[in-house]
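# Structure assessment
Given next are the chains, with one letter for each unit.
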Amino acid sequence: MLKKLDANKLWDYALKSVGSRAQSAGEIRGKLRGRAERAGDVDTTLAKLKEYGLLDDARFAEAFAAARLENRGFGKDRALRDLRQRRVAPTLAEKAVAQVYAETDEIALIENYVRRKYRGAARESLFREEKDLASAFRRLRLAGFSSGKIVQVLKRFAKNPDLLDGWIDSETEVDADN
């Protein structure tokens, strides 16, 4: 069992925690609740962190979404899902993701993701069977891309693009996304 901390030690713990990696207020709150002797110390410590500029969910959400886009090449849905797991308020997460992904071409992002993840496979043998397409589709959905645009890209890469006919009405979804 973890030792409960008084207000001063809780502050030191909070400083070490925010110093080790960027975190949302919700993540820090959860850590502090588990360690605080008194529940009131948690809110006081969080207020102090915000006052000193060490805790800013808007800045955190924007930086986190940008890292998901630039470093991992993930889609919007994945960035949103990850921010929610990090306990960022939904409206704040949506605003940050919309701002970061505003100028992003999702089709190009999906194509780059496919090229990167399947770089060892020969182009002519890529997505030859329906099960290969289904696997790639699931992988791309998990990476946060929209279904209609995934199908558009997979049709370009597939050995037999006719296998994708009827999966979804990609034209309808593409129009809804724009």
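My aim in this report is to walk through the structure given alongside it, one point at a time. Model, not experiment: these values are computed from the prediction. (Residues numbered from 1 in each chain as written. Predicted model: local features only at pLDDT ≥ 70, side-chain atom pairs only at ≥ 80, totals over all residues. Heavy atoms only, no water.)

Counting buried positions along helix α9 (residues 147-157) gives eight out of 11 residues, so the element sits mostly inside the fold. Among the residues making up α9, those that are buried are Ser147, Gly148, Lys149, Ile150, Val151, Val153, Leu154 and Phe157. (Buried < 20%, exposed > 50% of the residue type's maximum accessible area, 1.4 Å probe, protein only. Helix = DSSP H or I, 4+ residues; strand = E, 2+ residues; numbered from the N terminus.)

In this structure, Leu126 sits in the loop between α7 (106-117) and α8 (130-142). Leu126 sits in the buried class, given a relative accessible area of 7%. In this structure, the C-alpha to C-alpha distance between Leu126 and Ala136, residues 10 residues apart in sequence, is 10.0 Å.

A word on a positive patch on the surface. Taken together, Arg72, Arg116, Lys117, Arg119 and Arg139 make up a surface patch of like positive charges. Summarising the element assignment, Arg116 is placed in helix α7. (Patch = residues over 30% accessible without salt bridge, like charges linked within 9 Å, V, L, I, M, F, W, Y side chains within 5 Å. Areas by Shrake-Rupley, 256 points an atom, 1.4 Å probe, with all protein chains shown as cover. Salt bridge = Lys/Arg side-chain N within 4 Å of Asp/Glu carboxyl O. Lys, Arg positive; Asp, Glu negative; His and termini not counted. Charge placed at Lys NZ, Arg CZ, Asp CG, Glu CD.)

Before going further, it helps to examine the packing of α7 against α9. A pair of packed helices can be characterised by two numbers: the angle between their axes and the separation between those axes. The contact between α7 and α9 brings their axes to 10 Å, and the two run at 50°. With respect to α9, the axis of α7 lies oblique. The element α7 and its partner α9 pack so that their crossing is right-handed. Judged by residue contacts, Glu106, Ile107, Ile110, Glu111, Val114 and Arg115 of α7 engage Lys149, Ile150, Gln152, Val153, Arg156 and Phe157 from α9. Looking at side-chain class alone, the contact of α7 with α9 contains six nonpolar, one polar and five charged residues. (Axes fitted to C-alpha atoms, helices over the stretch in contact; angles between N-to-C directions. Parallel < 35°, antiparallel > 145°, perpendicular 65-115°, else oblique. Left-handed = near helix turned anticlockwise from the far one by under 90°. Contact = heavy atoms within 4.5 Å. Nonpolar A, V, L, I, M, F, W, Y, C, P; charged D, E, K, R; others polar.)

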